[in-house]
Amino acid sequence: MRTPQLRGLSPSTLDLVKKLYGRRALFQRWNRADDTIAILEQISEANEPAAIRDLMPFGLARSEEIRAKARTIILRLFAQVPIETLPSLDESLRQSWANLEDWYGLRPEAIDSLGQNTDADRTFLGLVTSHRNGYVRAAALRALEADSSDIVIPFVLIRLVDWVSEVRFAAERAVQEKLRPEYARAFVGCLGLIDRLTTNSRFRAVYTHWLDALLTRAECAGTLREGMAVLSRGIRRHCYRVAVENPALTVDDVIEQAIGDPDVIVRKWAYTASRSLLPASEEALRLRAAEDPYGPIRRIAFDAFAANPSARPEDVMPFLFDRSAAIRRDCQTEISNRIGKSAAEFYRTRIQNHSSKNADISVLGLAETGTRDDAVMIAALLGSRSARVRRAVVRALRILAANGYEATLLRVVSSDVPSVAREAAFALLCSRAVPADGVWAEAKKNGDRRVRSGVLKLLKNAGKWQQLQFFLEASADSDLNLSELAIGMLSAWMQNSNSSFVQPSTTDTEMSLRPLESVRRCLPAPLVHQLEFILQTAAK
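Each value, and the rule that gives it
- Residues numbered from 1 in each chain as written.
- Predicted model: local features only at pLDDT ≥ 70, side-chain atom pairs only at ≥ 80, totals over all residues.
- Heavy atoms only, no water.
- Helix = DSSP H or I, 4+ residues; strand = E, 2+ residues; numbered from the N terminus.
- Buried < 20%, exposed > 50% of the residue type's maximum accessible area, 1.4 Å probe, protein only.
- Areas by Shrake-Rupley, 256 points an atom, 1.4 Å probe, with all protein chains shown as cover.
- Salt bridge = Lys/Arg side-chain N within 4 Å of Asp/Glu carboxyl O.
- Contact = heavy atoms within 4.5 Å.
- Phe/Tyr/Trp six-rings, centres within 6.5 Å; stacked < 30°, edge-to-face > 60°.
- Lys NZ or Arg CZ within 6 Å of the ring centre and 35° of its normal.
- Core = buried A, V, L, I, M, F, W, Y, C linked by side-chain atoms within 4.5 Å.
- Expected span 1.5 Å × (residues − 1).

Okay, the overall build of the protein next. Counting its secondary structure elements, the protein contains 34 helices and zero strands. Here the protein holds 540 residues, and the buried ones make up 49% of them. When the accessible area of the protein is evaluated, it comes to approximately 26,400 Å², of which 50% is carbon and sulfur surface.

It is worth spelling out the pattern of salt bridges at this point. In total, this model carries 37 salt bridges according to the counting rule given. Among the ionic pairs, Asp261 bridges to Arg236, the shortest N-O distance being 3.0 Å. In this pair, Asp261 sits in the loop between α17 (251-259) and α18 (264-277) while Arg236 sits in helix α16 (residues 233-243), placing the two residues 25 residues apart along the sequence. Assigned by exposure class, Asp261 and Arg236 land together as buried. A salt bridge links Asp315 to Arg312; the shortest N-O distance between them is 2.9 Å. For Asp315, a relative accessible area of 14% corresponds to the buried category.

Along the chain, the position of Thr208 falls in helix α14 (residues 205-215). Take Thr208: its relative accessible area is 17%, and that puts it in the buried class. Once residues lying within four places of it in the same chain are set aside, the contact partners of Thr208 are Ile194, Thr198, Phe203, His238 and Arg241.

Of note, the phi angle at Asn47 is positive, near 55 degrees, even though the residue is not glycine. With respect to the helices and strands, Asn47 occurs in the loop between α3 (36-46) and α4 (52-55). Non-glycine residue Ala401 carries a positive phi angle of around 55 degrees. As for its placement among the helices and strands, Ala401 is situated in the loop between α26 (387-400) and α27 (406-415). Residue Ala401 is classed as partly exposed on the basis of its relative accessible area, which comes to 35%.

To continue, consider α27. Here α27 has its buried residues at Leu409, Leu410, Val412, Val413 and Ser414. Check the buried side of α27 and you find it contacts α26, α28 (418-431), α29 (436-445) and α30 (449-458).

To continue, consider the packing of aromatic side chains. Within this structure, the stated rule accounts for eight aromatic pairs. Three or more aromatic residues joined by ring pairs make a cluster, and in this case those are Phe203, Tyr207 and Trp210. Between the NZ or CZ atom of Arg286 and the centre of the ring of Phe305, over which it lies, the distance is 5.1 Å. One cation-aromatic arrangement involves Lys341 over Phe346; the distance from NZ or CZ to the ring centre is 4.9 Å.

Counting 168 residues, the largest nonpolar core has Val128 and Leu456 as the members making the most contacts within it. Setting aside chain neighbours within four positions, we find Leu456 in contact with Trp440, Phe470, Phe471, Ala474, Leu482, Leu485, Ala486 and Met489.

Mapped onto the fold, Ser414 is located in helix α27. Under the relative-accessibility criterion, Ser414 is labelled buried at 18%. Setting aside residues up to four positions removed in sequence, Ser414 forms contacts with Glu442, Lys445 and Asn446.

Attention now goes to helix α20 (residues 295-307). Under the 1.5 Å per step criterion, the end-to-end length of α20 is 18 Å for 13 residues, consistent within 8% with the ideal 18 Å. Residues of α20 that are buried make contact with α18, α19 (282-289), α21 (313-316) and α22 (325-339).

See below:
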């Protein structure tokens, strides 16, 4: 997959590249600066790393001025490319330039003359390791191995999965040469790249072991601390995992920092790993896990409590009000088994006490464990000022399949906020207690235009020919958002019209042809012709 930075050049930058590769004799550009320097500077100002591929040949130019300028620009653009996306750049650099013999025909013996005096030279040499010629790649790797700069680390790592075995062996030697504490920071910066390389079949697990062995040395503790605070989630995840094995870092501090990390994967690892790493703190960490906003982490806490026969009921009880339906239902079963009491009683008590905390969860929990007789208590909360509670009430009435609330739900459709109105429309359509056109009529009364869009999406489950009438009517609405939505649903209806062999009645045909005439100008001409053909054919 191409990364956004390397996806392609803008038209203006592409024009600049074409000027570099114009019809003028190559020696004029290669040996004299003329206007080549100016074009290179314009490409630099465009800040498009995808241009690196087209600039590489100019890093080999005979003109020292052109060569230095091209390499400086390449260094600047390369700095904008995330290290973990280096494989995409590597792939693009292997494309050939048949008309540029200096790059396409680069020979291994020329590597020693490329120079490694500046960071721009080193970066350029690193990119040469992506040349299509395996001998060139191997020669470049040997040169990088002798370089003491940490700039070369990413270019050495990517060659660990090279398709030529000799190149891979050269990369292994270069990596082993750099496995020293002074290069730890550079290796940590490449952890995202390493994670990506692990998906390659040529990547050997021992490479990760080499790196972990380096980072677990006491001298690398400071680098790990920095890695646990960087923006890259991939780097943080790896650093946390290794940090607990570094003797210069305390496990308590690492786990504590991981628990506060914004990445849910890091937090989940911390709670899971703490069982064996910090057995004395297991209960305290379990209680903290129960409060985590991420459902799978709360699941870890619940499963631990449920598996502990000596756990107190009050430790398990909070999960009755968990926002995860799966955790909540498992807790309902656990409570029933432990104390022989239905969870519905706890939900009823919470609702009767008019507790505002988790009122919506109490309503849903009662719908899951109660009976239809609880509908009266639940429906009384439709007057709540909280839209979340009102939405939960409507959903609960649907779950309980309570009868006699059709008129109330229709009023909700015509007057409430979009989320609640849509839930009420869904409940009415599921129960089939009110015709679909009745629900649509109430939706049109709602002052919030978003309600009509939400309800229209639900009407795709109505009868085949009734759907057509709704979509045709909505396509002429003054609300452009609703009109565009309806036209899109009409197109989808056309594509799926043959999936059902339900034939329209005479009334269906007449009621569809009538609005079609009035909305003809709102619809694409091909769509009108197709609809007319279907309706006229069905009328015969």
